[in-house]
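# Close look at the chain arrangement
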Amino acid sequence: MKFLITLENDDDGFIVASCPALPGCHSQGRNRKEAIGNITESIQAYIESMVKHGERVPGYSEFQEIEVAI
């Protein structure tokens, strides 16, 4: 399965990773590689829990990146 993730710098110097398709599924890392590895593990655990509890796993969602001038 493929999931979109977002990466954002936080005030403490960590990179916060989130998966918008899975509410509450967040992780972080000291760098981009660590954040991606950690969110991958979080997504796997989240999906395993959904399957275990008979919940529907989200399907494909389309996303588009846009640039906003400010």
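So, here's what we can say about the structure. All values reported here derive from a predicted model rather than from experimental measurement. (Residues numbered from 1 in each chain as written. Predicted model: local features only at pLDDT ≥ 70, side-chain atom pairs only at ≥ 80, totals over all residues. Heavy atoms only, no water.)

## So, the overall build of the protein
- Along its length, the protein carries 1 helix and 3 strands.
- Along the protein, from the amino end to the carboxyl end, the secondary structure elements read β-β-β-α.
- Principal axes of the C-alpha set define a box for the protein whose edges measure 45 × 25 × 15 Å.
- A burial count over the protein gives 20% of its 70 residues as buried.
- Contacts in the protein between residues at least 24 apart in sequence constitute 22% of all its contacts with a sequence separation of at least 6.
- Summed over all atoms, the accessible surface of the protein reaches about 5,800 Å², with 49% contributed by carbon and sulfur.
- Charged side chains of the protein number 6 positive and 11 negative; the gap between the two group centres comes to 10 Å. (Helix = DSSP H or I, 4+ residues; strand = E, 2+ residues; numbered from the N terminus. Buried < 20%, exposed > 50% of the residue type's maximum accessible area, 1.4 Å probe, protein only. Contact = heavy atoms within 4.5 Å. Areas by Shrake-Rupley, 256 points an atom, 1.4 Å probe, with all protein chains shown as cover. Lys, Arg positive; Asp, Glu negative; His and termini not counted. Charge placed at Lys NZ, Arg CZ, Asp CG, Glu CD.)

## Regarding the side chain of S27
- Its place among the elements puts S27 in strand β3 (residues 26-29).
- S27 gets classed as buried once you look at its relative accessible area, which sits at 18%.
- With residues up to four places along the chain from it excluded, the contact list for S27 reads I15, V16, A17, N38, I39 and S42.

## Notes on the sheet that holds β3
- Strand order in this open sheet of 3 strands is β1-β2-β3, and the pairing throughout is antiparallel. Of all strands in the sheet, those bounded by a partner on one side alone are β1 (6-9) and β3. Strand-to-strand twist across the sheet, computed as the mean angle between neighbouring axes with direction ignored, equals 25°.
- The sheet contact formed by strand β2 (residues 15-18) and β3 spans 4 bridges and is antiparallel. The partner of I15 across the bridge, within β3, is G29.
- Across the sheet, helix α1 (residues 32-52) lies against β1, β2 and β3, angled at about 150° from β3, the strand it touches most. (Pairing = 2+ DSSP bridges. Axes fitted to C-alpha atoms, helices over the stretch in contact; angles between N-to-C directions.)

## Structural notes on α1
- Compared with the 30 Å implied by 1.5 Å per residue over 21 residues, the 30 Å span of α1 between its first and last C-alpha is a close match.
- Buried within α1 we find A35, I39, I43, I47 and M50. For α1, the angular spread of the buried residues around the axis is 100°, confining them to a single face. Within α1, the exposed residues directed more than 90 degrees away from the buried face are K33, E41, E48 and K52. (Expected span 1.5 Å × (residues − 1). Arc of directions from axis to C-beta.)

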